[in-house]
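Now for the letters of each chain:
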Amino acid sequence: MKKIVLSTIAALTVASLSVHADEIKLYQNANGQVFTSPAADRTALDMKSLSSSKKSITIVDKKSPNFLLGKQTHINMKFVADDNSDMWLKAGVRIQGTFENVSTNYADTTKNDTSIPDAYLRRVRFEVAAGFNKWTSFVMDVRNDKANFSQKGEQKFNVGDAYVKIKKPFNTSLVNFKLYRAKIDVSRTETVKSARVIAYDRPKVADAAAQYISHNRRATNAQMYGDWSKKVHYQVAFGDAVDSSKLADAKGKKDSKVTEQSFFYGGKVRLSPFDGWEETKRTESYFGQGQHFSIGAGYWVVPSIKVENASGTATADLTNKLINLELSAHYKGLFVQAEYFKFDDMVENWNGATINTGTSTGWYATAEYVFTDFHFVAPFVRYEDWNKFDDKAGYDYTATMAGVNWYLKGNSIKAGLVYQTEKYGVNTGNKDVDTVRLTSQFFF
């Protein structure tokens, strides 16, 4: 009876008191009976191994700071198979809500100025991932972004990411693969997960880069990527290119039809040259922890895009090229980030008598400071300057943003208040737009 009782106690201890694994010592004989004292025919049980095998569901990021509402969570909740720890399932959600007021002042006196309130769901996503073995996993999400935005009403669900990741097939971080719908690194802020960006609406010049090479920067592709000691990171990729419904001209119009195009190809290299300042993850929110410094350069090209305007009266064979330069750094509470973009073969006006092309250049800079001793309140600013068509005047666009984020539970729960003023040139809208925006996010 004593042996049965001790065995029962041991089983309950292993299952429920893993936090005290270092303090508990149990022993087992050849018949599988468990004891609390050693003997010649008994072997010690590995309590750490037994307790850790029961940790099959995880969500809390133990390395996270303690926010007002507790530690933030990892990306999605992870369920690990008890009989094969290399197989797992992740599931999670992301919802971003926005209440805003947009005031538009037109330089054209024939147009009436407007002030329009709006409330919408900036992002609504269900995320899931699955691990097949220690090398291979699958990641995807289903999304319904900008539901009730403006007068668009309910939006349709569609697939965002949907890729197979093959991690370290040769046991080195230098070589990894992603197949199918995975982001290509046309821009740092576009590559950072939207749950981790400072402002939910990214700079317009970066959004243009996201469509200039590949549809939503993740049309079906194959890519290889990796890093060397976190000092050097790279990505090379090729795959499906642009979508005419998203390919805008310098005026912001999308009145083209792609009749034929080649695959895109290109890549990016990033460096963290200083010891102790390596970039270990792609994010804009560091919560005042640690430090990093990184610079990078990317080159992407679609060799041939045969297009015609909406009326079919003009055609062209474009070679879309994109150069992207990035710099990011943070030291404790201060974070800074800047990027430069150059677009070759930018179309001036899809509806012109001919399809005239030129270059377009733009940049933005962002800075945030996190007050870790004041409940992780974080004021930030951003400035953007984009000349949408360098060859002619009047294609300028500038935007100035100031706001504050409150990280209540890191990126798991946060709220923000943003003010932005935009100035559009004569050929890009000929107007000034002021926006006040209240944001919130729930993510795990």
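Here the structure is a predicted model, which means the values were calculated and not measured. (Residues numbered from 1 in each chain as written. Predicted model: local features only at pLDDT ≥ 70, side-chain atom pairs only at ≥ 80, totals over all residues. Heavy atoms only, no water.)

(A) Looking closely at the overall build of the chain. When its secondary structure is counted, the chain shows four helices and 22 strands. Within the span of the chain, comprising 444 residues, buried residues form 42% of the whole. Across the chain, every contact between residues at least 6 apart in sequence was considered, and the portion connecting residues at least 24 apart equals 59%. As displayed, the chain has an accessible area near 22,000 Å², and 58% of this comes from carbon and sulfur atoms. Treating the 58 positive side-chain charges of the chain as one cloud and the 48 negative ones as another, the clouds have centres 7 Å apart. (Helix = DSSP H or I, 4+ residues; strand = E, 2+ residues; numbered from the N terminus. Buried < 20%, exposed > 50% of the residue type's maximum accessible area, 1.4 Å probe, protein only. Contact = heavy atoms within 4.5 Å. Areas by Shrake-Rupley, 256 points an atom, 1.4 Å probe, with all protein chains shown as cover. Lys, Arg positive; Asp, Glu negative; His and termini not counted. Charge placed at Lys NZ, Arg CZ, Asp CG, Glu CD.)

(B) Summary view of the pairing of strand S19 (residues 377–387). Pairing of strand S18 (residues 357–369) with S19 involves eight bridges; the strand directions are antiparallel. Among the inter-strand pairings, Ala367 is bridged to a residue of S19, identified as Val381. Two strands pair when backbone bridges link them, and S19 and strand S20 (residues 396–407) are joined in this way by eleven bridges, in the antiparallel orientation. Opposite Val381, over in S20, you have Ala402 as the bridge partner. (Pairing = 2+ DSSP bridges.)

(C) Focus on the side chain of Asp61. As for its position among the elements, Asp61 is in the loop between strand S4 (57–60) and strand S5 (73–81). For the buried Asp61, which has no salt bridge, the nearest side chain bearing the opposite charge is Lys281, at an N-O separation of 5.7 Å. Excluding anything up to four places from it in sequence, Asp61 contacts Lys71, Gln72, Thr73 and His74. (Salt bridge = Lys/Arg side-chain N within 4 Å of Asp/Glu carboxyl O.)

(D) Spatial organisation of the nonpolar core. Ile213, Phe264, Phe341 and Phe343 are the most contacted members of the largest nonpolar core, which has 35 residues in total. Put simply, the parts of the chain that give this core at least two residues each are helix H4 (204–212), strand S15 (291–309), strand S16 (315–331), strand S17 (334–347) and S20. Not counting chain neighbours up to four residues away, the residues in contact with Phe341 comprise Val186, Ser187, Val205, Ala206, Ala209, Leu322, Ile323, Asn324, Ser360, Thr361, Gly362 and Tyr364. (Core = buried A, V, L, I, M, F, W, Y, C linked by side-chain atoms within 4.5 Å.)

(E) Layout of a nonpolar patch on the surface. On the surface, Leu174, Trp228, Val232, Val269, Leu271, Ile295, Leu327, Leu334, Val336, Tyr369, Phe371 and Phe374 cluster together to form a nonpolar patch covering roughly 1,000 Å² of accessible area. Residue assignment for the nonpolar patch shows that the elements contributing at least two residues are strand S14 (264–271) and S17. Checked against the element boundaries, Val232 lands in strand S12 (residues 232–239). (Patch = residues over 30% accessible without salt bridge, like charges linked within 9 Å, V, L, I, M, F, W, Y side chains within 5 Å.)

(F) Expanded view of the environment of Ser360. Along the chain, Ser360 falls in strand S18. Ser360 sits 46 residues away from Ala314 along the chain, and the two C-alpha atoms are 21 Å apart. Here Ser360 is in contact with Phe341, Lys342, Phe343, Met346, Trp386, Asn387, Lys388, Phe389 and Asp390, once residues within four sequence places are set aside. A polar contact is formed between the side chain of Ser360 and the side chain of Trp386, at a distance of 2.8 Å. From its side chain, Ser360 meets the backbone oxygen of Asn387 in a polar contact 3.0 Å long. (Polar contact = N/O pair within 3.5 Å; in protein donor to acceptor, adjacent residues only side chain to side chain.)

(G) Looking closely at the environment of Ser245. One can find Ser245 in the loop between S12 and strand S13 (256–261). Among the residues examined, Ser245 registers a relative accessible area of 45% and is labelled partly exposed. Once the C-alpha coordinates of Ser245 and Val232 are considered, the two residues, 13 residues apart in sequence, prove to be 36 Å apart. Within the structure, the side chain of Ser245 is placed 2.2 Å from the side chain of Asp243, a separation counted as a polar contact.

(H) Examining the pattern of salt bridges more closely. Here the structure, examined in full by the defined rule, presents 25 salt bridges. Measuring nitrogen to oxygen at the nearest pair gives 3.0 Å for the salt bridge that ties Glu422 to Lys204. Note that Glu422 is positioned in strand S21 (residues 413–424) and Lys204 in helix H4, a separation of 218 residues in sequence. With relative accessibility at 32%, the residue Lys204 sits in the partly exposed group. Between Glu326 and Arg282 there is a salt bridge whose closest N-O contact spans 3.2 Å. Pair noted here: Glu326 is in strand S16 and Arg282 is in the loop between S14 and S15, with a separation of 44 residues, a long-range link.

(I) Examining unusual backbone geometry more closely. The backbone of Asn148 sits at a positive phi, close to 70°, despite the residue not being glycine. Inspection of the secondary structure assignment puts Asn148 in the loop between strand S8 (136–143) and strand S9 (158–166). Positive phi values are uncommon outside glycine, yet Phe376 reaches one of about 60°. By relative accessible area, Phe376 is classed as buried at 7%.

(J) Structural view of the sheet that holds strand S1 (residues 27–28). Taken together, three strands build an open sheet; the order of strands is S2-S1-S3 and the sheet is antiparallel. Two strands close off the open sheet at either side, each with one partner strand: strand S2 (34–35) and strand S3 (43–44). Judged from the two bridges that link them, S1 and S3 form a sheet pairing that is antiparallel. Within S3, the residue paired with Tyr27 across the bridge is Ala44.

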